Amino acid sequence: MNKKTRTIAVLLLSAMATTAIIPPSSQAAAATMSTTNAPVNASLEGPRDAKEVEAFANSVFKDMMKKHNIVGTNFSLVADGKVLVSTGYGYADKEKKIPVDKDTVFQIGSVTKQFTALAAMQMVDKGKIDLRGDIQKYLGGLKIPNKTGKKLTMYDLLTYSTGFENDDIASYYSTEYVNKEYPIKDFLKTHMTTVVRPPGEAYVYDNFGFLLAGYAVENVSGMPYSKYMEKNIFNPLGMTSTSVRITPDLLGRMAAHYGPKGELIAMEGTMPTEKPEGGIISTADDMAKYLIMHLNKGKYDGKEILSQKSIEQMHTYQYFADKTIPITTIGFEGYMREKMNGQHVILKGGNVTGHSSLIVILPEKNVAFYMTNNDDNAQFSIDVYEAFMNHYYPKKSDVSKPTYSAISEQQAKAYVGLYENIRMNSFRYKVSYSNGHLVSETPSGKHTLQMIHPLLFEDESGNKVTFNKNAAGKIAYMYLTTLPEAASMAEKLNVDSPFSDVPANSKYKPYINNIKALNVMNGKSSHIFDPKGTMTQAEFSQVLLRAQGWDKQPYMIEPNKKQMVAGLPNFQPNSPITRQMAAVMIQNLKQVEPKTKVKLSGTTDAWAVEAIKALVSQGIMDPDTKVKSDGSVNFRSKELLKRQEASALLDLAFNYALPIRH
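Residues numbered from 1 in each chain as written. Predicted model: local features only at pLDDT ≥ 70, side-chain atom pairs only at ≥ 80, totals over all residues. Heavy atoms only, no water.

A.B. asks: Please set out the overall build of the protein residue by residue, giving values where relevant.
C.D. replies: Of regular secondary structure, the protein possesses 19 helices and 26 strands. Computed over C-alpha atoms, the radius of gyration of the protein comes to 26 Å, within 12% of the 26 Å expected from 2.2 N^0.38 for 662 residues, which places it in the range of a compact globule. Taking the principal axes of the C-alpha coordinates as reference, the protein spans close to 75 × 55 × 55 Å. A total of 662 residues make up the protein; the buried ones form 60% of that total. Just so you have it, the protein exposes about 25,800 Å², and 50% of that area is on carbon and sulfur atoms. When the 76 positive and 66 negative side-chain charges of the protein are each reduced to one mean point, those points stand 3 Å apart. (Helix = DSSP H or I, 4+ residues; strand = E, 2+ residues; numbered from the N terminus. Rg over C-alpha atoms; globule rule 2.2 N^0.38 Å. Buried < 20%, exposed > 50% of the residue type's maximum accessible area, 1.4 Å probe, protein only. Areas by Shrake-Rupley, 256 points an atom, 1.4 Å probe, with all protein chains shown as cover. Lys, Arg positive; Asp, Glu negative; His and termini not counted. Charge placed at Lys NZ, Arg CZ, Asp CG, Glu CD.)

This is the structure in structure tokens:
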């Protein structure tokens with residue numbers, strides 16, 4: 001798994017527990033169950049017998065660990081206030097042959113978020129934080145820029161609907177941070193982001209929001225976040241092996257970190273050091289105690305950790321894309337509803353480099369489980385979850401297929417346009433109209449969207465797509481229930497024509513408009529684009545990073561900068577960029593597979609040949625570049641790149657252009 005793929009894991013698995021695009025079809029779900037030898041007993045009413053649960057777990061984990069090449073994992077399951085199983089499988093350290101057990105320490109990543117939500121709700125219970133009040137009151141003077149005129153609240157932070165411009169600005173991970181100290185307050189002073197969408201309007205998986213929530217707890221309580229969690233949550237629950245900080249004792253019991261091929265990798269540190277959005281470490285035994293508290297309506301061993309009212313808010317969906325599609329509770333989420341088998345399930349996944357975790361709670365069934373594995377494979381936990389649901393809570397009846405309605409071309413105008421995933425700018429979608437239905441073009445291909453009712457649609461595979469309105473009553477967002485897109489809504493962009501020097505009949509106008517709408521490449525001024533002007537190598541590199549869509553992930557910026565210029569003989573930031581250099585830089589980041597054979601005519605340096613052939617074979621070329629009938633093309637490799645040509649290359653390479661596949 002390369003760094004970029006691992007980043008998708010961190011982003012999405014933080015959002016639920018998935019490393020890559022999850023097959024959306026029900027056939028994939030059926031295939032998962034067929035890989036395990038676990039007995040299926042339709043008469044079971046949930047896990048109740050410890051021996052039966054142990055037999056089920058042993059079978060499933062044996063099969064799934066083999067299927068996914070998992071080094072080590074732990075698992076705890078509670079029901080009706082009792083721990084039915086708390087155990088480990090495989091190795092915490094395969095080199096030293098140290099097995100995983102219930103006391104092995106793992107980094108739980110974004111499972112931390114619902115601990116932070118619990119802490120915030122404790123402050124709400126005590127009357128120290130108003131859940132619906134302005135969050136500014138609880139930040140000790142730190143100011144949040146807000147362009148919307150609507151106050152930001154703790155409720156918005158905890159339901160992933162803040163409206164922040166950069167939801168991952170706190171995503172700093174590196175081995176260099178392991179032994180350094182970065183206080184939360186100091187980090188926030190230099191990394192504060194801006195509220196650009198009305199809070200509560202759009203769902204976006206939000207790391208920064210939970211960092212801010214944790215700091216509010218820290219500031220109002222008058223003690224560091226780690227101390228607050230220890231005093232008010234970990235100690236009352238008897239979670240003696242759980243901490244926000246990696247202490248020497250817990251580090252000595254921590255599972256090693258492995259990559260996708262089972263290779264040992266280094267543990268990464270974070271900035272800031274204490275991460276309310278993803279920094280807790282724990283064990284299967286400790287997490288079982290935490291789950292018992294949740295199932296016992298906020299109480300543990302006679303002590304009230306959280307009021308029943310607040311715990312029920314954490315267990316009840318608060319934010320919906322459609323009334324049939326709940327997304328978040330306070331702190332928890334509900335992805336992959338097709339795997340819930342009609343049950344009320346809340347989940348929280350977590351991921352750091354080398355460790356992946358998942359919590360599953362069925363409040364109405366008084367059942368919950370926790371698991372973690374010591375690599376980046378989150379599909380493993382999803383498959384275990386699916387096997388668990390199919391075994392203990394199988395589907396009782398098939399859901400009837402919805403009735404579709406035609407949509408007129410006039411009605412479709414409100415939906416048609418270009419959309420960009422708010423959290424992951426690299427995911428872009430084009431919506432158009434055709435013969436009574438909408439058509440979406442996404443990185444995975446073209447999809448026909450049939451209307452169930454205005455704002456709710458379904459594609460040919462049964463995946464739901466919603467459209468959501470803004471405060472003005474206009475369609476402003478699109479939500480795809482398939483992962484990885486489900487980590488955020490996509491925002492509809494204003495694709496206008498502001499540039500007076502781009503003729504209406506210009507072949508480049510659509511590309512220029514798209515690139516402008518995506519905030520990838522602006523004009524020389526608000527009305528001048530300078531289409532035939534040239535660019536320096538530094539200017540193009542900045543635009544390229546924005547076009548790629550990973551520029552909001554802090555720890556991806558430097559690796560992408562290095563990858564972008566790999567193989568270039570002489571990168572000179574202040575010199576004009578040639579077409580062949582631009583092609584190599586695009587291919588370095590895009591990595592498209594050559595589709596057809598291309599013969600280059602004209603003059604091209606050897607270091608650029610393969611990159612140009614790959615791009616041209618996938619149709620990534622400006623309108624003035626044509627492939628002749630014999631398959632030859634003159635890319636005009638050594639000419640300087642014009643701004644309009646850059647807009648076409650970037651739009652085709654990184655927008656919704658087909659038939660490129662990832």
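Next, the rest of the story.
A.B. asks: Residue-level account of the nonpolar core, with values.
C.D. replies: Counting 145 residues, the largest nonpolar core has Phe-115, Met-154, Leu-158, Met-229, Phe-388 and Phe-467 as the members making the most contacts within it. Discounting residues that sit within four places of it in the chain, Leu-158 has contacts with Ala-117, Ala-120, Met-121, Leu-131, Phe-210, Ala-213, Thr-329, Ile-330 and Gly-331. Ranked by size, the runner-up nonpolar core spans 48 residues in total, among them Leu-544, Leu-545, Met-581 and Ile-620. (Core = buried A, V, L, I, M, F, W, Y, C linked by side-chain atoms within 4.5 Å. Contact = heavy atoms within 4.5 Å.)

A.B. asks: Give a detailed account of the sheet that holds strand 2 (residues 82–93), specifying residues and quantitative values.
C.D. replies: Two pairing modes exist for strands in a sheet, parallel and antiparallel, and in both the strands are linked by backbone hydrogen bonds. Taken in spatial order, the six strands make up an open sheet running 3-2-1-16-15-14, and their pairing is antiparallel. With one partner strand each, in any of the chains shown, strand 3 (98–99) and strand 14 (346–352) form the two edges of the open sheet. Note that strand 1 (residues 72–79) and strand 16 (residues 367–373) share seven bridges and pair antiparallel. Residue Ala-79 lies in a different strand from strand 16, and its bridge partner there is Val-367. (Pairing = 2+ DSSP bridges.)

A.B. asks: An account of the packing of aromatic side chains is needed here, citing residue identities and associated values.
C.D. replies: One pass over the full model with this rule turns up 23 aromatic pairs. On the basis of an interplanar angle of 75 degrees and a centroid distance of 5.4 Å, the ring pair of Tyr-415 and Phe-457 is categorised as edge-to-face. One end of the pair, Tyr-415, is in the loop between helix 13 (409–412) and strand 17 (417–421); the other, Phe-457, is in strand 21 (residues 456–458), and 42 residues separate them in sequence. Look at Tyr-415 and you get buried, because its relative accessible area is 7%. We classify Phe-457 as buried; its relative accessible area is 0%. Grouped by ring-pair contacts, the aromatic residues Phe-56, Phe-61, Phe-75, Tyr-89, Phe-369, Phe-380, Phe-388, Tyr-392 and Tyr-393 constitute a single cluster. Just above the ring of Phe-529 sits the side chain of Arg-643; from NZ or CZ to the centre is 4.5 Å. (Phe/Tyr/Trp six-rings, centres within 6.5 Å; stacked < 30°, edge-to-face > 60°. Lys NZ or Arg CZ within 6 Å of the ring centre and 35° of its normal.)

A.B. asks: Report on the confidence of the model for the protein, specifying residues and quantitative values.
C.D. replies: The predicted model of the protein has a mean per-residue pLDDT of 90, with 92% of residues at 70 or higher. Under a pLDDT of 50 for its full length, residues 1–40 has, in the predicted model, 119 contacts with residues more than four places off or in other chains. Residue range residues 657–662 is modelled with pLDDT below 50. Its contacts to residues more than four positions away, or to other chains, number 19 contacts. (pLDDT = per-residue confidence, 0-100.)

A.B. asks: For the environment of Thr-625, give the residues involved together with the corresponding values.
C.D. replies: On the secondary structure map, Thr-625 appears in the loop between helix 18 (609–617) and strand 26 (632–634). Overall, Thr-625 belongs to the buried group, its relative accessible area being 3%. Distance in space between the C-alpha atoms of Thr-625 and Phe-635 is 6.3 Å, their sequence separation being 10 residues. Setting aside residues no more than four positions away along its own chain, Thr-625 makes contact with Arg-579, Val-633, Asn-634, Phe-635 and Arg-636.

A.B. asks: Tell me about the sheet that holds strand 20 (residues 445–453), and please be specific about residues and values.
C.D. replies: Strand order in the closed barrel made by the eight strands is 17-18-19-20-21-22-23-24, with antiparallel pairing throughout. Averaged over all pairs of adjacent strands, the angle between their axes in this sheet comes to 30 degrees, without regard to strand direction. As paired elements, strand 22 (residues 464–469) and strand 23 (residues 475–480) share five bridges and run antiparallel to each other. Note that in strand 23 the partner of Lys-469 across the bridge is Ile-475. (Axes fitted to C-alpha atoms, helices over the stretch in contact; angles between N-to-C directions.)

A.B. asks: Outline helix 11 (residues 308–315), supporting the account with residue identities and numerical values.
C.D. replies: All buried positions along helix 11 are accounted for by Ser-310, Ile-311, Gln-313, Met-314 and His-315. Packed against the buried residues of helix 11 are helix 4 (112–125), helix 10 (284–295) and strand 14.

A.B. asks: How would you summarise the side chain of Glu-274 if you had to cite specific residues and measurements?
C.D. replies: The residue Glu-274 is located in the loop between strand 8 (269–271) and strand 9 (281–282) in this model. Within the structure, Glu-274 has its side chain in polar contact with the side chain of Ser-226 (distance 2.6 Å). A distance of 2.7 Å separates the side chain of Glu-274 from the side chain of Arg-245, its partner in a polar contact. (Polar contact = N/O pair within 3.5 Å; in protein donor to acceptor, adjacent residues only side chain to side chain.)

A.B. asks: Kindly report on the environment of Gly-350, identifying the contributing residues and their values.
C.D. replies: For Gly-350, the location among the structural elements is in strand 14. With relative accessibility at 0%, the residue Gly-350 sits in the buried group. Taking the C-alpha atoms as reference, Gly-350 lies 48 Å from Arg-636; in sequence the two are 286 residues apart.

A.B. asks: Kindly report on unusual backbone geometry, identifying the contributing residues and their values.
C.D. replies: Cis peptide bonds are those with omega within 30 degrees of zero, and the linkage from Met-271 to Pro-272 qualifies with 0 degrees. When you line up the elements, Pro-272 lands in the loop between strand 8 and strand 9. Positive phi values are uncommon outside glycine, yet Asn-69 reaches one of about 55 degrees. One non-glycine residue with positive phi stands out, namely Leu-455, at about 90 degrees. Structurally, Leu-455 can be placed in the loop between strand 20 and strand 21.

A.B. asks: Explain the pattern of salt bridges to me, and be specific about the residues and the numbers.
C.D. replies: One pass over the full model with this rule turns up 26 salt bridges. Between Arg-245 and Glu-181 there is a salt bridge; the shortest N-O distance is 2.5 Å. Of this pair, Arg-245 sits in the loop between helix 8 (225–234) and helix 9 (248–252) while Glu-181 sits in the loop between strand 5 (172–174) and helix 6 (184–191), and the two are 64 residues apart along the sequence. For Arg-245, a relative accessible area of 30% gives the class partly exposed. Judged by relative accessible area, which is 47%, Glu-181 ranks as partly exposed. Through salt bridges with shared partners, a single network forms among Arg-579, Asp-622, Arg-636, Glu-639 and Glu-645. (Salt bridge = Lys/Arg side-chain N within 4 Å of Asp/Glu carboxyl O.)

A.B. asks: Can you tell me about the environment of Ala-92, naming the residues and giving the values?
C.D. replies: Considering the arrangement of structural elements, one finds Ala-92 in strand 2. Distance in space between the C-alpha atoms of Ala-92 and Asn-373 is 9.1 Å, their sequence separation being 281 residues. Those residues in contact with Ala-92 that sit more than four places away from it in its chain are Ile-98, Pro-99, Val-100, Thr-104, Ala-255, Ala-256, Tyr-258 and Asn-374.

A.B. asks: Talk me through the pairing of strand 23; I want residue IDs and the actual numbers.
C.D. replies: Most of strand 23 sits out of view: six of its six residues are buried. Linkage of strand 22 to strand 23, two consecutive antiparallel strands, is achieved through a turn of five residues, within which Gly-473 is found at a positive phi near 85 degrees.

A.B. asks: Describe the packing of helix 4 against helix 10, and please don't skip the residues or the numbers.
C.D. replies: As a packed pair, helix 4 and helix 10 sit with axes 13 Å apart at the nearest point and diverge in direction by 50 degrees. By the angle between their directions, the pair helix 4 and helix 10 is classed as oblique. As helix 4 packs across helix 10, the resulting crossing turns out to be left-handed. For the pair formed by helix 4 and helix 10, the contact residues are Gln-114, Phe-115 and Leu-118 on the first element and Met-287, Tyr-290, Met-293 and His-294 on the second. When grouped by side-chain class, the residues that make up the contact of helix 4 with helix 10 number five nonpolar, two polar and no charged. (Parallel < 35°, antiparallel > 145°, perpendicular 65-115°, else oblique. Left-handed = near helix turned anticlockwise from the far one by under 90°. Nonpolar A, V, L, I, M, F, W, Y, C, P; charged D, E, K, R; others polar.)

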